[in-house]
Structure formats: C-alpha cells, structure tokens
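Descriptive analysis of the structure
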Amino acid sequence: MSSVSSPRPAATPVVLPVSKAVVWLVGTALVALAAYYFIGVDQGAVSVFGNDTHIHEFVHDARHFLGFPCH
C-alpha cells in the first residue's frame, strides 16, 4: 500500500462585507443585552412587563448559577 495521498486544494477564506459584519455584531449585542436583562435584572416587581414573575421564575436557577442575587 502506498501512503501517498493526492494534494488537497488550499482552503479559501470566507469574505464577509463590513455591512453584514455590522449587522451581525449589532444583532448579537441586542440578543446579549436582552439575555442579560432577563437573567440578571428582571426581578418581577420591577419588570418592564408589569408585576409579573414568570420570567424571573423561569430563569431563577440560572441567576444563582451565574452569581446574580435575587432573594
């Protein structure tokens, strides 16, 4: 058996235009800020959505795991 393999073509980099990169960066920042709000800030009593604790209770364990106090 021969251990000679056929040459592989060189990998070509993906070119992302600046306009698309900005859209992805802004979208990622908005999603990250929303996640930070819902996990770290929303307390139910001071919720943007009124006096509702559903979101707080849904992410309650994640709050403690990430070090956010809520009691």
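Bear in mind that the values here come from a model prediction, so they are computed numbers and not experimental data. (Residues numbered from 1 in each chain as written. Predicted model: local features only at pLDDT ≥ 70, side-chain atom pairs only at ≥ 80, totals over all residues. Heavy atoms only, no water.)

1. Topic: the overall build of the protein
Helix and strand counts for the protein come out as three helices and zero strands. Listing each helix as α and each strand as β along the protein from the N terminus yields α-α-α. Across the 71 residues of the protein, 14% fall into the buried class. Considering only contacts within the protein whose residues lie at least 6 apart along the sequence, 21% involve residues at least 24 apart. Accessible surface, the protein: about 6,300 Å² in total, of which carbon and sulfur atoms supply 71%. (Helix = DSSP H or I, 4+ residues; strand = E, 2+ residues; numbered from the N terminus. Buried < 20%, exposed > 50% of the residue type's maximum accessible area, 1.4 Å probe, protein only. Contact = heavy atoms within 4.5 Å. Areas by Shrake-Rupley, 256 points an atom, 1.4 Å probe, with all protein chains shown as cover.)

2. Quick notes on the side chain of H60
With respect to the element layout, H60 can be found in helix α3 (residues 60-66). A polar contact of 3.3 Å, which involves the side chain of H60, links it to the side chain of H64. (Polar contact = N/O pair within 3.5 Å; in protein donor to acceptor, adjacent residues only side chain to side chain.)

3. Things to note about the environment of D42
Examined against the element boundaries, D42 turns out to sit in the loop between α1 (18-41) and α2 (54-58). Taking the C-alpha atoms as reference points, D42 and I55, 13 residues apart in sequence, are found 7.6 Å from one another.

4. Observations concerning a nonpolar patch on the surface
A contiguous nonpolar patch, built from V18, V22, V26, L30 and L33 and spanning about 490 Å² of accessible area, is present on the exposed surface. Relative accessible area serves as the criterion here: at 66%, V18 is assigned to the exposed category. (Patch = residues over 30% accessible without salt bridge, like charges linked within 9 Å, V, L, I, M, F, W, Y side chains within 5 Å. Salt bridge = Lys/Arg side-chain N within 4 Å of Asp/Glu carboxyl O.)

5. A look at the confidence of the model for the protein
Scored by pLDDT, the protein has a mean of 80; 77% of the residues are at 70 or more. The secondary structure element of the protein with the lowest average pLDDT is α2, at 75, and the one with the highest is α1, at 90. (pLDDT = per-residue confidence, 0-100.)

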